[in-house]
Structure formats: structure tokens, C-alpha cells
There are 2 protein chains.
Amino acid sequence: MRISNSRVTATEVARKAGVSQPTVSLVLSRNPKARVAPATRARVLKIAQELGYRPNRLAQGLVRRRSYALGVIVPGFDNPVYAAVISGAEKVAAQAGYAVLLCEAKGSEVVQHLEALRDRQIDGVIIAGIAASTLPAAALDGLNVVLVNQPSEKFSTVGSDSLKAGTIAAEHLLALGHRRLAFLGPADAIPAFRLRERGFFQALRGAGVPLSSELIQRAAATVAGGLAGMRALLALSERPTAVFCANDLMALGAHKACSVAGVGLPRDLSLLGCDDIEMAQLVTPELSTIAVPARELGARAVRLLLKQIDAHGALPPASQLLAVKLVARGTTGQHAPAQPR
Amino acid sequence: MRISNSRVTATEVARKAGVSQPTVSLVLSRNPKARVAPATRARVLKIAQELGYRPNRLAQGLVRRRSYALGVIVPGFDNPVYAAVISGAEKVAAQAGYAVLLCEAKGSEVVQHLEALRDRQIDGVIIAGIAASTLPAAALDGLNVVLVNQPSEKFSTVGSDSLKAGTIAAEHLLALGHRRLAFLGPADAIPAFRLRERGFFQALRGAGVPLSSELIQRAAATVAGGLAGMRALLALSERPTAVFCANDLMALGAHKACSVAGVGLPRDLSLLGCDDIEMAQLVTPELSTIAVPARELGARAVRLLLKQIDAHGALPPASQLLAVKLVARGTTGQHAPAQPR
DNA sequence: TTGTAGGCGTTATCAC
DNA sequence: GTGATAACGCCTACAA
């Protein structure tokens, strides 16, 4: 029963209920220690209900010095992993009464977005897929921050065990008998990818199976990048027998490159991705990969952030590391040495 | 040179500059008719710069009765189409100084999200993938709204020509010689899908090639839905020779179902999707589809919305319809009548 | 228990 | 030109 255009204010409710505006505020703020006479409380609640009163969050924010809004910054939505992180984050945030301000940013845009978020008195920021170390120190100063999938001394983080993912990848491929392995990863220093890479390399070194540099291909962490990278690997005089990709998008690009080049998966080549995005199950053969709980990362990031906000920034940085899991599907198989014809 | 924790306010700038606070506001607001003595203006600007002053947008919003924020509501991020819409929207919004509040909502959650957006004094809302007609009338009352990909008398819309998409689909498949066609679509009344469906049916009827009801399969507009739907179609005693899917996700699920069932595309069956998401090019054979400019839809939706906001809601609902385009790839081919063995 | 006063940081309307 | 003064809608004291 709202009067059209303009919203009902607490003052109007107060007037109609025959009380003062702060009393309305008192009743509506579910403050336990705010004792109000049951009669007035009931009256105020009734009128508020009738008028469809809802507090103006901008005004609340101004006086409480909080916006009840969270910023989420990702490099792009084209990667389903970030979409999943955002989805998980948004759900938890909404349940807690927080809004999610979405920012898609690469490079220096990140700083501008952060400033814009500050102007809106944002309560906290979640950053995924962008290395915090590449940002000027001041950019995150005094902000509640949770980083997704990148370790940090200074900020709280929620991540999957990327190092382990790399290790698992190496172990899986080694166990299948592969000895000539390749890695396909991005050129940019995106933390999660770097860790997957390092875990992979370390495990290989530990097993005495080093990677020569021509077997490390770098390209954008996209389908197109994976396609190009795999083409380069296939052009080698001596091809690898197994390839680990920094993420599933690259792996799917690589998958396509193999399909185009007539390279049989997994007969001629084993291919392993990382993330386990839905698409991985759509290609034929289905992509073997390492599952990362992206949605859960987003959800946890918000929970951790809210905890920090409530603690008034008096909490030391916390970190959570979620387990990853090998999902062996159709693109990885036993190494078949020189085919007898 | 910001004093750590708390932000610099206009009052502080005023004090240091030896002017009143409103004067600072006057100088900073790029209001042309606000004539200030060049000397004061310069001084204020200098101090503001030094102190790193930035206006508090919450406070601005309170008095201007605007939040400089837009809400975007979609049913889910798992569909790359919505991700693209959001991406396009966010970019334009950010350039105009607007924030994007993201909401993922199905069913009755939509209303709650809308209320929450109202509480934040949202300046406008973009809705994609959710039928406005399913919302209670009051939910959008007095709000600046732009609907994406659904026609409306009452609200502004930005869409692709969904009806035409259906027509194109029918014409393409008919031209290839198919006469036993099937349709795979969602059970829910999502406007864009319904229109594609209608366009398809109309064109078929016009060509004298009606669809019997068993050739209309309904399932969720997801990969899983497409998978299930195609399985049902393949189980028919007399299979269709061509299938049009309401969107690419369903088509990819259908693609997978064929792959699993050993049904050769396009030899045994032609398959056509709609949207042209990136994934369409990753499967083998590549998915034929109808391209929809999703990113552009998002971008235009924001531009239209901003125009409406600036017009103070005194503008009649406007509508834009973008063209769609057939992208014939590998899953559609000439109808091959009963193979001679 | 409730009302009054004051302020959050900004913009808008006036007198000066 | 410039500076008070009054909102915007709410919350936190403190006084009644």
C-alpha cells in the first residue's frame, strides 16, 4: 500500500503511529537491548507494515558508515570458473543482506574499480583471478579483502590447493606411463595458474622427469590460447605424449586442436585440464581434469569477508584451502609406446 | 596522501582551504552555472587533490535521491549468454560511473531481490531471462526497467529477433531437405525461448510441415535438459532427421546424447542450436547455431536505461531489436534419405 | 519507556 | 561570488 512514487520514511510512520521517529527506528532495528513498550511496538510495527515501510539503506549506510555491499572483482566472465565463484558469492551475500557490486577488470582498470568501490563505502572486496601483488600497495589499503585462489601474507584468502593440483596432474600422467610431458599455461602471472605449474614441475623433478623448455608453451588462458599452444606442441619434431593445461579453457582449446589435427585422444596423446567446468563433459572424449570447487570458493570468500567486517578489521588474515580432486575421464590414458602396425 | 582509515570529507577540504564546505561542493560539482572565483576554485581544487578527496557517493545519493547504481537480474550465470549480457552491461555502466548490483534469482526470489534493490535506491533494473509477466505487478512499479530479450508493452526492451531466429532455423533445416523436424525447448515460459519456438512452428506450418506433438520435447534449458530431451527423441520409433534446440546449452546436451548413442551428426541427424556461445565451436562436429549478440544486448540495455533515468522516467518505453544470424557449422547437413547399404 | 538534539557527508536555496 | 542554513533519511546519545 505504498504511496506511488516516493518511498515511505520512518518519519511518516512515526507521525501516523503517534510516536517520534527514533522510536520507529528503535522498534525496527532488531536491537535486543532496546526495550520498547509492547503496545507502542505493536502499533509501530502495524503501521510500518501497512505503509510498507522499508529503511533507506543509503541513509543507514551514511550514518552507520557501512554500505552493506561487497565488491567482487574478476578478470572476465567468459571463464565459467569466475562465474561460479560469483554465483556462490552472490548467494551467500544476498542471504546476509549484502549486495554484490560486480567489476570486470583487467590491468590498471582494477585500481579504478577499487576507487569507485571505495567511493561507495564498500564494506569489503573479493578478488579472483587477479594477482594482488600487481596492484599498487595503496589500492587495497584499509580495505577488507579476501583473495580467491591466491596465497597472501597480508590478506585473507580462500583457495583450492593449486600446488596439489599440479602434483596430482604429474602423478596421474606419470602413473599412466608418460615420460614426455608438456605444460600449457598462461604467460601472465595469475597466481593459481603459477602454483599449478609449480606443483607440476616439482613433482616431475622429484620423479626425475624434467621438462625441456620447448615443452612449456605459454598463451592466453583461454580457449584460443589453448588452441594455439597445442598447435605449437603438435608442431614439435618430437611430440609430447601427455599435456597438462593450466585450466580447462586452455585444455578445451587444446582438445579442439587435437581434433582438428587428427590426433587421437587419449591414444596418441593424453590431455589433462584443471577446474572441471561443465563443458569438460561435453567434448568427446570427455576431458580429464582436476576438480576445483569454484562455487564453494565464492561462498566461503563471502563468509570469511563478513566475519572480517563484523570484527571491524581486528582479525588477522585467515586462510582456507579446499581440496582438489582428480577426475579422470576420457582424455588421459596409458602411454602406448610406438604402435606396432 | 589520505589519512589512513577514515576518508577525507568535503568539510576538511573546506577548512584547509579556508572556505565553506558548500563552496567545495560547488567547485567539485562540474556545474557550469556555478560560477566561483578562479582563485578560490584553484585553491580548493589544489587542496582537494592533495588530500585525495573523493565525494562519498552514499551521501550524494541520499540528497540527490539517486544511487548511481543499476541492478541486473538473471536466472543464473551458468548460461554463458547471461554472462555475456552482464559483461556488456557492466562495461557501459562502469564507464558512466554506475555500479552494477548483480542478482541471481529464480522464481519468487526475484521479488525479494527487487525489494532489496529498491532499498538501495537503485536507479534502474535490467532483467534478462525472467519473464516480467510472471512478476506481481507491483514488483516493478515505479522502477526504471529494461527487459532483455523479451517483448513488452509496458517496459523498454532490448532484444534479439527471437521470432526470426525460429524462422531462420526452420528455413535452414527445410532447405536441407528435412521434413521430420523436432523441437527441444524448456518447459518454463521464458520469453525468448517461446518466441524462438513460435517462429519455428510458424515457419514450419507455413511450409506445410507440421510437427506432431511427440516431436516436441520439453526439459530444462540446460545441458542436462538437452541431454535428456534428445535421449527421448532418439528413443522414438521414428526418429526426427533434424532437431532445433531453444538454446545452445540444450543443443550441446543433445550433441552429447547423440555422441553417446552413436548417432552421427549430421549424417544421421541434423542439430541446430541458438545463441552461438563459445562452446559451440569446441565440440566435434562444431555446432550449427544462430548467433545472438548477447554482449551487445547488455551494453544497449544499459545505454537505454541510462537514457530513461536521465529523462526522469518521462520517456515512453522504447524497444530495440537486434538481428540474428545463422551460423551453419558442422551439425547441420543435407537430409540423407534411407541409406542404401 | 520515549522524545529531543545532533550528526553522518552531501547538495540546494537562499541571503549577503 | 560566497557563505550560512536547511534538507536527505536514518541512528546514537542523552534527557525527560
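Figured I'd write up the structure that's included with this text. (Residues numbered from 1 in each chain as written. Chains lettered and ligands numbered in written order. Predicted model: local features only at pLDDT ≥ 70, side-chain atom pairs only at ≥ 80, totals over all residues. Heavy atoms only, no water.)

Let us look at the protein's contact with DNA strand D. Near DNA strand D lie 24 residues; those nearest to it are Ala-10, Ser-25 and Tyr-53 of chain A together with Ala-37 and Arg-65 of chain B. A distance of 3.0 Å is found between a base nitrogen of DNA strand D and a side-chain nitrogen or oxygen belonging to Gln-21 of chain A. The contact in question runs from a phosphate oxygen of DNA strand D to an N or O atom on the side chain of Thr-40 of chain B, over 2.9 Å. Within the residue set of the surface near DNA strand D, elements represented by two or more residues are helix H2 (21-28) and helix H4 (57-64) of chain A together with helix H2 (21-28) and helix H4 (57-64) of chain B. (Near = heavy atom within 4 Å. Polar contact = N/O pair within 3.5 Å; in protein donor to acceptor, adjacent residues only side chain to side chain. Helix = DSSP H or I, 4+ residues; strand = E, 2+ residues; numbered from the N terminus.)

Between chain B and chain A, which share one sequence, the superposing operator has a rotation angle of 180° and an axial displacement of 0.1 Å; the RMSD is 0.2 Å. When the rotation and shift are considered jointly, the pair of chain copies conforms to a two-fold rotation axis. If distances are taken from each C-alpha of chain B to the rotation axis, the shortest is found for Leu-101 of chain B, at 2.3 Å. With an isologous cut-off of 70% or more, the 100% of interface residues of chain B that recur at the interface of chain A puts this contact in the isologous class. (Least-squares fit on C-alpha atoms with pLDDT ≥ 70 in both. Contact = heavy atoms within 4.5 Å.)

Attention now moves to the side chain of Glu-197 of chain A. Relative to the assigned elements, Glu-197 of chain A resides in helix H8 (residues 191-206). If we ignore the near neighbours within four places in the chain, the residues touching Glu-197 of chain A are Phe-183 and Arg-218 of chain A.

Once that is clear, we can look at the sheet that holds strand E7 (residues 216-218) of chain A. Pairing between sheet strands relies on hydrogen bonds along the backbone, with the strands arranged either parallel or antiparallel. Residue and element names in this part refer to chain A. Read from one edge to the other, the open sheet built from four strands follows the order E7-E6-E8-E9, with strand pairing classed as parallel. Single-partner strands in this sheet number two, and they are E7 and strand E9 (270-272). Within this sheet the neighbouring strands show an average axis-to-axis angle of 15°, counted without direction. Examined bridge by bridge, strand E8 (residues 242-245) and E9 share three bridges and lie parallel to one another. Residue pairing in the sheet places Ala-242 in a bridge with Ser-270 of E9. Strand contacts of helix H7 (residues 162-175): strand E6 (181-185), E8 and E9, with the helix running at about 165° to E8, the strand carrying the most contacts. Along the sheet, helix H10 (residues 248-261) contacts E6, E8 and E9; its crossing angle with E9, the most-contacted strand, is approximately 155°. (Pairing = 2+ DSSP bridges. Axes fitted to C-alpha atoms, helices over the stretch in contact; angles between N-to-C directions.)

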